[in-house]
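Descriptive analysis of the structure
Given next are the chains, with one letter for each unit.
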Amino acid sequence: MFMLSSFRSVYANCSSKENRARLKTLCTLAVEGMWKRVFVFNSEDLRRNRICESEQTVWLQVNFLNTRGDCFVFYNPALQWYFAALFYFLREDKDKPHPIIGSLPQLLKEIYACGETQWSMTGIFVFGIATEIVAAMLKPHFGFIPSKEVRQEILKCFRSLGQGDCSGKLSPQRLFDGLLDSQEEPFETQVLDLFEEMTIDISSTDELSLAKIYLLKSQKLKKLHLHIQHRIFSEIYNPEEGDLEEFTQEKTCSFMTNFGNGALFPTLLRLPHLKSLNLYGTNLSSDVVENMCSVLKCPTCRVEELLLGNCDISSEACGVIATSLTKCKVKHLSLVENPLKNEGVMLLCQILKHPSCVLKTLMLSYCCLTFIACGHLYEALLCNRSLSLLDLGSNFLEDTGVNILCEALKDPTCCLQELWLDMCEFTTGSCADLALALTKCKTLTSLNLDWMTFDPDGLELLCEALNHKACNLKVLGLDKSASSKESQMLLEGVEKKNLIILHYPWINEERKKRGVCLVWNSKN
């Protein structure tokens, strides 16, 4: 409206063709400067973009441009972003702008996939101008505005970005900002339906509010990574409580407590296609966990993969999660890097024995467990018929704990297929029990003993078991280079019999299943 009003104040009696030509010169100057990262222009820049002296005077008069010494700048940076966006609606095939100016798909890629934050306002303006209402406002004064064609080009671009190497780099927050400026329901739906996976960083209440609006509309979303800043403002200011400055400095608390003890969960967990939720690194109090679990138990919740690593989940909160497992659809649960302790695992094991529990994978690495937890797991493994993977890495199980687990593996009723025991502080003394378990357990196909070292006698026992015809193991996590040359030769001999021995590459599988997010570029 500002641009139209200013333009009409001077050129109201000119034809739309003439006005379009005048406006295009200003837009070309803006977009060329944007791609060159130039914001101060000399007279030659204006001349090259066909802005004559009389038009320079007009642009200065209506506050589109301003002078800076002998040079020119846009009166406000937002004006340069706006005219740069408008360029993509006015350009024609016959035009030959400066070769540095990228296409609309290139612009969108820079903004939404390559992290070009300085241009984000241009992206918002592109979405806004592409609406039918804005195109209708511009048409009488500047001729046809191809809003429909640009919307299709936007959809094509995001479809391409979502399927290519940039799929994991797309910024939903900037996309939400653009859609908010668009406010056209059908177009919003078309754009959001392109995304089956999103990674969202929330660092302010405004970002939270925007995420709630558009996550509800993301009907095709199947996988969500949610990164939440540890501390954001939580309460509505009340003048009776004191000074506003003091409030903004001191009244802070963790995200989930801020908004009704996890009020975002009903929005997230009821998304019709959402099957995976990763909240790694988000502090969750017992009350928040209870709120989350109440939604997980709803028939409309379809989440099957719940990744709650490093969420400061206590033994008590672990019990709340456990009770929900008989009434929800969760099949993959990661509680890594939480202080569950033996008490929390005891509560989990009580539910694992329940016939309604459908859990298939349980990740419990770095959970402050000892051999006492193994006693509870022993009983659960003999009763449970669905659990196929158990991760106990980086816990202080010692030989006693590993031997207890081996007793469970030797039992014919145990159905476990993968048992991760990397960095569990046990010794060669457990090798005999492990070797026997490998020959007795008919279902075990994968065993992670990575970062563990055994003496030659222990490795010899393991290799004998791995060579046994009754052993069904296919993958072994172990660092061969940490063993003696004789032991390495034994392991190489075992590998020739269709056994894969992995060391470092195993860590990628660990991170994926444990839900560990490497968020070094975030403030979460």
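Computed from a predicted model, the values in this text were never measured in an experiment. (Residues numbered from 1 in each chain as written. Predicted model: local features only at pLDDT ≥ 70, side-chain atom pairs only at ≥ 80, totals over all residues. Heavy atoms only, no water.)

**A word on the environment of cysteine 374**
How we decide: The helix and strand labels rest on DSSP assignments: H or I over at least four residues marks a helix, E over at least two residues marks a strand, and numbering proceeds from the N terminus. When accessible area is computed with a 1.4 Å probe and restricted to protein chains, residues below 20% of their type maximum are described as buried, those above 50% as exposed, and intermediate ones as partly exposed.
Structurally, cysteine 374 is set in helix H19 (residues 371-383). In this structure cysteine 374 comes out as buried when scored by relative accessible area, which is 0%. With 18 residues separating them along the chain, cysteine 374 and leucine 392 place their C-alpha atoms 9.6 Å apart.

**Structural notes on the pattern of salt bridges**
Selection criterion: Here, a salt bridge means any Lys or Arg side-chain nitrogen found within 4 Å of an Asp or Glu carboxyl oxygen.
Counted under the stated rule, the structure contains 19 salt bridges. One salt bridge connects glutamate 185 with lysine 217, and the closest N-O pair in it is separated by 3.7 Å. Taken together, the positions of glutamate 185 in helix H11 (residues 185-192) and lysine 217 in the loop between helix H12 (205-216) and strand E4 (223-228) put the pair 32 residues apart, joining distant regions of the chain. Of the residues examined, lysine 217 reaches a relative accessible area of 26% and is grouped as partly exposed. Several salt bridges converge on common partners, so that one network encompasses Glu32, Lys36, Asp45 and Arg48.

**Looking at a positive patch on the surface**
Here is the rule: For patch detection, residues must exceed 30% relative accessible area and be free of salt bridges, and they are connected within 9 Å for like charges or within 5 Å for nonpolar side chains (Val, Leu, Ile, Met, Phe, Trp, Tyr). In this description, accessible areas are obtained by the Shrake-Rupley approach with a 1.4 Å probe, and a residue is regarded as covered only by the protein chains that are shown. His residues and chain termini do not enter the charge count, which takes Lys and Arg as positive and Asp and Glu as negative. All charge positions are set by atom: Lys at NZ, Arg at CZ, Asp at CG, Glu at CD.
A cluster of basic residues, Lys275, Arg302, Lys329, Lys331 and Lys360, forms a positive patch on the protein surface. Following the sequence through the fold, lysine 329 ends up in the loop between helix H17 (315-324) and strand E9 (332-334). Judged by its relative accessible area of 36%, lysine 329 falls in the partly exposed class.

**A closer look at the side chain of asparagine 384**
Put simply, the test is: Identification of polar contacts relies on pairs of N or O atoms within 3.5 Å, with a donor-acceptor requirement for protein atoms, meaning one able to donate a hydrogen and the other able to accept it, and with residues adjacent in sequence counted only if both atoms are side-chain atoms. Whether two residues touch is decided by their heavy atoms; if any such pair falls within 4.5 Å, the residues are in contact.
Looking at the secondary structure, you find asparagine 384 in the loop between H19 and strand E11 (389-391). Of note is the side chain of asparagine 384, whose polar atom sits 2.5 Å from the backbone nitrogen of leucine 387. Those residues within four positions of asparagine 384 in sequence are excluded, and the remaining contacts are Leu352 and Cys415.

**Concerning helix H4 (residues 53-61)**
How we decide: When we speak of the arc, we mean the arc of directions from the helix axis to the C-beta atoms.
Taken together, the buried positions of H4 are Glu55, Gln56, Val58 and Trp59. Summarising the axial view, the buried residues of H4 lie within an arc of 160°, below the 170-degree limit, and thus occupy one face. Exposed side chains of H4 directed beyond 90 degrees from the buried face belong to Glu53 and Gln61. Residues of H4 that are buried make contact with helix H1 (2-11), helix H2 (16-36), helix H3 (43-48), strand E1 (65-68) and strand E2 (71-74). Following H4 by one or two positions, asparagine 63 has its phi on the positive side, about 65°.

**Topic: the state of the cysteines**
Cut-off, in case you're wondering: Sulfur atoms of two cysteines make up a disulfide when they are within 2.5 Å.
Applying the stated rule across the entire model yields zero disulfides. Cysteine 406 forms no disulfide, and the closest cysteine sulfur to it belongs to cysteine 431, at a distance of 9.5 Å. A relative accessible area of 1% places cysteine 406 in the buried class.

**Description of the packing of aromatic side chains**
A ring pair, where both rings are aromatic, is described by two values, the distance of the centres and the angle of the planes. As a reminder of what qualifies: Working definition: a ring pair exists when centres of Phe, Tyr or Trp rings (six-membered ring for Trp) sit within 6.5 Å. Plane angles under 30 degrees give stacked, over 60 give edge-to-face, the rest tilted.
A complete count under the given rule lists 21 aromatic pairs for this structure. For the pair phenylalanine 2 and phenylalanine 64, a centre-to-centre distance of 6.0 Å together with 70° between the ring planes defines the contact as edge-to-face. With a gap of 62 residues between them, phenylalanine 2 in helix H1 and phenylalanine 64 in the loop between H4 and E1 connect regions that are remote in the sequence. The class for phenylalanine 64 is buried, based on a relative accessible area of 0%. By the ring-pair criterion, three or more aromatic residues cluster together here, those being Phe2, Phe7, Tyr11, Phe41, Trp59, Phe64, Phe74, Tyr82, Phe83, Phe125 and Phe142.

**With respect to the packing of helix H6 (residues 104-112) against helix H9 (residues 147-163)**
The test is simple: Between the N-to-C directions of two axes lies an angle of 0 to 180 degrees, each axis being a line fitted to C-alpha atoms and, for a helix, fitted only over the stretch in contact. Roughly parallel here means an angle under 35 degrees, roughly antiparallel means over 145, roughly perpendicular means 65 to 115, and every remaining angle is called oblique. Take the far helix as your reference; a near helix turned counterclockwise from it by less than a right angle gives a left-handed crossing, and one turned clockwise gives a right-handed crossing. Three classes are used, and their members are as follows: Ala, Val, Leu, Ile, Met, Phe, Trp, Tyr, Cys and Pro are nonpolar, Asp, Glu, Lys and Arg are charged, and the others, Gly among them, are polar.
At a closest axis distance of 10 Å, the pairing of H6 and H9 adopts a crossing angle of 55°. On the basis of the axis angle, H6 is oblique to H9. For the element pair H6 and H9, the recorded crossing hand is right-handed. Together, Leu104, Pro105, Leu108, Lys109 and Tyr112 of H6 and Val150, Glu153, Ile154, Cys157, Phe158 and Leu161 of H9 make up the contact between the two elements. When the residues that make up the contact of H6 with H9 are grouped by side-chain class, the tally is nine nonpolar, no polar and two charged.

**Overview of the confidence of the model for the protein**
Our working rule: Each residue carries a pLDDT value, the predictor's own confidence for that position, ranging from 0 to 100.
Averaged over every residue, the pLDDT of the protein is 87; the share at 70 or more is 90%. Note on residues 244-260: pLDDT is under 50 here. Beyond four places in sequence and across chains, it has 41 contacts. The low-confidence segment residues 519-524, where pLDDT is below 50, has ten contacts with residues more than four positions distant or belonging to other chains.

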